[in-house]
Amino acid sequence: MAETMDMTVLIVDDHPSFRASARTLLEAEGYEVVGEAENGIAALAAVRRLHPDLVLLDVQLPDLDGFQVAARLGKLADPPAIVLTSSRDGADYGRCIKESGARGFVPKADLSGAAIAALLVA
Amino acid sequence: MTSLRRPWLFFGPAALIAGGLDVALTLTSNHEENPALATSLGLFVSWSFVVAGLIGWSRRPGNHTGMLMVAVGFGVLVGGLTEANYSLPYTLGGLFGSLFIAAFVHLLLVYPGGSLISRYAFWLVGAAYATAFFAPLFDLMFASRHTCKPHDCPDNLLLVSRDHGANVAQTAFWTAVAVLVLAAAFKLLVGRWHRATPALRRILRPVYLAGALSLLLLSVGFIVTPFSGVGNVVVEIALIATFTAVPFLFLTGLLGTTLARTAGMRAIFREIPERATAGEVEEGLREALRDPTAKVAYWYDEGGHYVDVEGNRFELPPDTRRRVVTRLEYADAPVAAIVHDAALREEPELLETITGAARIALERDKLLVEVRARAERYRALLQAMPDLMFRITRNGAYLSYNAPNPQDLYWHDVVGLTVWDRLPPELADRIIEAGRAAIDRGTPEVIEYTLSFDGETRHYEGRFAPSGDHEFLMIVREITERKRQQEEVEASRARILAAGDEARRKLERNLHDGAQQRLVSVSLSLRLAQNHLRDDPGEAEKLLEGSRHELAQALEELRELARGIHPAVLTDRGLEAALDALAARAPLPVEIVGPDCQLPPAIEAAAYYVVSESLANVTKYAHASSVKVRVACSNGNALVEVADDGIGGADPLRGSGLRGLADRVASLSGKLAVESPRGAGTRVRAQIPLK
């Protein structure tokens with residue numbers, strides 16, 4: 001848990017209600033939420049600007065999907081850790097998650113600081 | 001009755017006895033100037049009539065002509081009683097001696113049928129008999145002074161007066177009456193002659209000629225008798241000649257029928273050769289029956305009607321006085337019918353013999369004519385078909401063709417060319433392959449193909465049937481319209497499938513974006529609340545309150561989605577309630593009429609969505625103040641109509657809503673029509689067959 005303390009996070013999701021809930025939850029668990037983005041393009045810009053340690057990235061976005069965003073972020077010189085999330089089950093995406101370069105996948109309903117930390121240390 | 005059936009048995013001997021009596025009376029008469037001549041003439045004339053009459057009577061017992069001739073003959077013999085030297089026979093001879101003239105008139109008027117054919121003729125014959133009785137009666141009652149030579153006549157038992165004036169008066173009166181009656185009879189005969197058909201004239205000619213001349217001479221005789229002289233004698237000789245000719249001409253007619261029968265038989269076997277056509281058979285019969293107007297009709301079993309020699313349907317005409325129909329049957333089944341001159345019925349033996357002989361030929365020809373009728377029918381059937389038809393040899397050469405509309409021909413020259421000359425090579429190969437397969441297997445083949453025609457692609461169906469050992473028939477039907485409809489149906493099905501996929505995608509997105517997100521939020525909020533439960537109960541309560549609100553929102557969104565999938569009210573409470581619910585949710589007044597009948601569930605659902613989508617469109621685009629919805633059943637169709645009073649100008653192809661509706665309605669074999677004149681409201685009308 002200590003490794004995740006003060007970790008900066010960018011939340012990328014097109015639903016404001018989820019962004020708000022996720023911010024509250026992660027901040028309560030010691031993460032520092034440095035920004036939010038509502039689509040893929042905005043997310044790429046925010047990463048370049050904010051350099052977060054972690055990007056909580058929704059798979060289903062209105063422009064680029066989460067996998068495309070992850071691929072582009074992976075090409076950055078100092079890429080952030082990426083955790084994909086969705087209200088769908090991870091199994092719905094098959095091998096896409098594994099091949100996306102992300103650390104892992106957390107279903108939105110199971111989102112917690114501990115779940116993210118578990119992926120980051122794995 | 002025996003005498004009537006065998007007239008010879010009675011009337012033969014009777015004529016001999018009566019003739020003998022006449023001879024005796026004449027030869028012993030003391031007031032006959034020339035007994036030998038009178039005897040010979042009397043016997044010759046009377047027996048001629050009796051013999052001819054008995055022959056006719058025997059041949060045609062049902063015909064009164066022969067009987068009347070016998071009566072004329074006996075009438076003449078009765079007149080011989082006036083040769084008697086005794087008062088009673090003399091008086092009776094005088095009284096009844098003229099009745100043979102009436103019988104003669106009667107005979108002429110019934111000839112050849114044997115009965116009087118008009119009321120006028122009946123009265124005329126009556127008048128003749130009355131005159132033939134009363135004229136002699138008055139002549140006897142008011143007789144002239146010297147009527148017999150060389151001796152006086154025997155006493156006239158009916159004498160009333162020998163007053164010269166009375167004698168002249170009654171003679172003048174009865175002469176006038178007799179001449180009138182004879183003239184009327186003459187006129188009647190002339191009229192009948194004019195009206196007679198050629199065949200009837202052939203029968204009438206000899207007897208009418210002699211008979212009418214006799215009537216004429218009798219009239220003249222009546223007029224000149226009071227003035228004795230050379231003229232009187234000439235008239236008498238002419239009269240005897242024509243009068244006596246009648247029985248002989250009658251016999252000639254009978255003999256003529258017999259000869260005609262033989263000639264007819266000969267004509268049939270000569271004129272109708274072994275391989276005669278039906279037309280030749282008809283000609284032969286005309287020749288044999290001596291009726292150039294006769295027509296032959298053959299019974300066509302398959303059609304249940306008669307056909308003429310050409311194989312065309314022929315309705316038998318009803319019998320009239322001029323034309324009649326004689327039906328020929330074999331084993332109680334109709335074979336043929338001959339429409340001929342009614343006069344031939346007067347020659348039944350001729351008709352029977354000839355038709356009997358012809359029946360075999362007609363029975364044979366019936367088959368030929370049947371084949372022709374069938375061929376005629378098939379030809380008519382083929383000509384009535386709107387399709388192109390080609391007869392093509394196994395090697396691809398066109399033999400003949402039938403093009404009801406020459407514009408349908410891809411290439412206007414046909415006969416003399418091959419399929420490769422007229423059509424694209426690949427198609428020509430397919431045609432020959434299918435045609436040869438039809439010939440070899442003996443079963444029809446079908447192919448479909450397209451041709452570029454006048455700048456457009458047309459679809460065709462070619463049917464192939466063998467029409468001989470080395471040729472086939474190709475029937476071509478354009479199916480462009482059918483193909484278009486088929487493509488439309490397939491496109492419609494594809495759109496329905498796509499619409500279903502789209503609806504599911506939309507549903508998934510709505511669930512994902514709506515209720516699912518809210519539930520995720522609730523889940524996260526509950527976890528936060530759980531974390532704060534002990535250290536910050538106030539915060540936990542706030543989070544729980546937020547979660548409750550989120551859950552209520554999620555529930556409402558789920559309800560809305562469920563309603564979009566299928567309205568529960570339609571399933572639970574029917575179309576009427578579902579339409580009421582739609583009207584209640586609409587932001588403008590909606591008047592609903594119907595439904596006036598129970599609809600099947602699929603049609604109810606379609607009707608619901610037509611109204612639902614139309615109301616949504618009204619709300620979005622129409623700027624209407626009210627809407628009227630009508631659902632009714634009419635002529636086996638369900639009608640759904642949504643009419644608003646908005647701005648109109650709606651484009652039926654705009655957006656996927658109306659197209660989706662049209663597809664849904666089309667999937668039930670129905671039609672959706674949109675009328676939306678600018679400024680005059682929009683009317684959406686769906687018509688869906690109930691079965």
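Every value quoted in this text rests on a predicted model; they were computed, and no experiment measured them.

**Quick word on the overall build of chain A**
- Scanning chain A from N- to C-terminus turns up 5 helices and 5 strands.
- The order of helices and strands in chain A, counted from the N terminus, is β-α-β-α-β-α-β-α-β-α.
- For chain A, the residues scored as buried account for 54% of the 122 residues in total.
- Excluding contacts between residues fewer than 6 apart, the proportion of contacts in chain A whose partners are at least 24 apart in sequence is 61%.
- Accessible area of chain A: about 5600 Å², with a carbon and sulfur share of 51%.

**Points about the pairing of strand β11 (residues 590-593) of chain B**
Residues and elements named next belong to chain B.
- Pairing analysis gives 4 bridges linking β11 to strand β12 (residues 627-634), with the strands arranged parallel. Its bridge partner lying in β12, Ile592 is registered against Val629.
- Between β11 and its parallel partner β12, the chain crosses via helix α18 (residues 601-622), and the hand of that crossover is left-handed.

**Regarding the layout of surface pockets**
Residues and elements named next belong to chain B.
- There is about 1600 Å³ of room inside the second largest pocket.
- Contributing to the lining of the second largest pocket are 37 residues, with Ala503, Lys506, Gly564, Tyr609 and Glu613 lying nearest its centre.
- Among the elements of the structure, α15 (480-532), α16 (537-565), α17 (568-585), α18 and α19 (655-666) are those that each provide at least two residues to the lining of the second largest pocket.
- Sort the elements by how many residues they give to the lining of the second largest pocket and α15 lands first, with 11 residues.

**Comments concerning the state of the cysteines**
Residues and elements named next belong to chain B.
- One pass over the full model with this rule turns up 1 disulfide over all chains.
- Residue Cys597 pairs covalently with Cys633 via a disulfide, S to S 1.6 Å. Between Cys597 and Cys633, the S-S dihedral sits near 60 degrees, and the bridge is therefore right-handed. With Cys597 in the loop between β11 and α18 and Cys633 in strand β12, this residue pair connects regions lying 36 residues apart in the sequence.
- Overall, the relative accessible area of 24% leaves Cys633 in the partly exposed class.

**Examining the environment of Leu528 of chain B**
- With respect to the secondary-structure elements, Leu528 of chain B resides in helix α15.
- Classification of Leu528 of chain B as buried rests on a relative accessible area of 2%.
- Considered as a pair, Leu528 of chain B and Leu544 of chain B are 16 residues apart in the sequence and their alpha carbons are 9.2 Å apart.
- Here Leu528 of chain B is in contact with Ser21, Thr24, Leu25 and Ala28 of chain A together with Leu543 of chain B, once residues within four sequence places are set aside.

Scoring rules and cut-offs
Residues numbered from 1 in each chain as written. Chains lettered and ligands numbered in written order. Predicted model: local features only at pLDDT ≥ 70, side-chain atom pairs only at ≥ 80, totals over all residues. Heavy atoms only, no water. Helix = DSSP H or I, 4+ residues; strand = E, 2+ residues; numbered from the N terminus. Buried < 20%, exposed > 50% of the residue type's maximum accessible area, 1.4 Å probe, protein only. Contact = heavy atoms within 4.5 Å. Areas by Shrake-Rupley, 256 points an atom, 1.4 Å probe, with all protein chains shown as cover. Pairing = 2+ DSSP bridges. Right-handed = clockwise from strand over helix to strand, strands pointing away. 1 Å grid on protein atoms, 1.4 Å probe; cavity = no way out; pocket = protein on both sides within 12 Å on 5 of 7 lines; lining within 4 Å. Points joined across faces, edges and corners; volume = space filled by probe spheres on them. Disulfide = S-S within 2.5 Å.

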